[in-house]
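# Geometric and topological summary
Single-letter residue listing:
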Amino acid sequence: MEQRIIIEMGMGNDLHGMDYQKAAARAIEDAIRHATLPIFDSINLPHTEMRVQVTVAVQEPDKIDTGALTAGLPRGRAEVTATKGGLNVHNPETGDTAVVATAAVEAFLPLQSGNWVQG
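In this report, the structure presented in the accompanying data block is examined. Please read these numbers as outputs of a predicted model, since none were measured by experiment.

How each quantity is defined
- Residues numbered from 1 in each chain as written.
- Predicted model: local features only at pLDDT ≥ 70, side-chain atom pairs only at ≥ 80, totals over all residues.
- Heavy atoms only, no water.
- Salt bridge = Lys/Arg side-chain N within 4 Å of Asp/Glu carboxyl O.
- Helix = DSSP H or I, 4+ residues; strand = E, 2+ residues; numbered from the N terminus.
- Buried < 20%, exposed > 50% of the residue type's maximum accessible area, 1.4 Å probe, protein only.
- Pairing = 2+ DSSP bridges.
- Phe/Tyr/Trp six-rings, centres within 6.5 Å; stacked < 30°, edge-to-face > 60°.
- Lys NZ or Arg CZ within 6 Å of the ring centre and 35° of its normal.
- Right-handed = clockwise from strand over helix to strand, strands pointing away.
- Contact = heavy atoms within 4.5 Å.

This part covers the pattern of salt bridges. Here the structure, examined in full by the defined rule, presents six salt bridges. The salt bridge partner of Glu-29 is Arg-33, with a shortest N-O separation of 3.4 Å. Linking Glu-29 with Arg-33, this pair stays in helix α1 (residues 20-33), spanning four residues, or about one helical turn. As a salt-bridge pair, Asp-30 and Arg-33 come within 3.9 Å of each other at their nearest N and O atoms. With Asp-30 and Arg-33 both in helix α1 and three residues apart, this pair spans about one turn of that helix.

What follows is the structure, given as structure tokens:
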């Protein structure tokens, strides 16, 4: 059994290249940049005990290489899934389309209740 220890949200974009992969990577980076998990040092737990589930949302999820995004995650046993969401913002004056991606990064650990003592 697991318990979620953190969930962070992020947003990323590619303003001119319409690159969903780049926008998704930036959304994940934005989410994990706001997080720190001192619990690992506090209870002497290796990072390999953590399962990381990342969901990225873009308008064309089939253009996302989830394996490459997974390989870029720094800790834990990670998995990235892509779903439809995010936003495309077209500029009719230039013909550019800005791609906006969102990401949710969740981290799970095996139940830790036996590792805590209330004093």
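Next comes the rest of the description.
As a further point, take unusual backbone geometry. The backbone phi angle of Met-18 is positive, close to 50°, even though this residue is not glycine. Here Met-18 shows up in the loop between β1 (2-14) and α1. Residue classification places Met-18 among the partly exposed positions, given a relative accessible area of 35%.

Among the 14 residues in strand β5 (residues 97-110), 12 count as buried, and that is most of the element. One ladder, built from 12 bridges, connects β1 with β5; its direction is antiparallel. Within the sheet, the bridge partner assigned to Gln-3 lies in β5 and is Leu-109. Hairpin connection, strand β4 (residues 87-90) to β5: the antiparallel pair is bridged by six residues, and Gly-95 has positive phi, about 85°.

Summed over all chains, the structure comprises zero aromatic pairs. In this structure, Arg-51 is placed above the aromatic ring of Phe-108, and the distance from its NZ or CZ to the ring centre is 4.3 Å.

Turning our eyes to something else, we now look at the pairing of strand β2 (residues 51-58). Within β2, six of the eight residues are buried, leaving the element largely enclosed by the surrounding structure. Two elements, β2 and strand β3 (residues 77-84), share eight bridges in a ladder whose sense is parallel. The residue of β3 that forms the bridge with Gln-53 is Glu-79. Following the backbone out of β2, through helix α3 (residues 66-71) and into the adjacent parallel β3, one traces a crossover that is right-handed. Examined bridge by bridge, β2 and β5 share seven bridges and lie antiparallel to one another. Along β5, the bridge assignment pairs Val-56 with Ala-103.

Classification of Asp-30 as buried rests on a relative accessible area of 17%. Asp-30 sits 57 residues away from Leu-87 along the chain, and the two C-alpha atoms are 17 Å apart. Non-local contacts of Asp-30, meaning those with residues more than four positions away in its chain, are made with Met-9, Gly-10 and Met-11.

Moving on, we get to the side chain of Gln-53. Mapped onto the secondary structure, Gln-53 falls in strand β2. Here Gln-53 falls in the buried class, since its relative accessible area comes to 13%.

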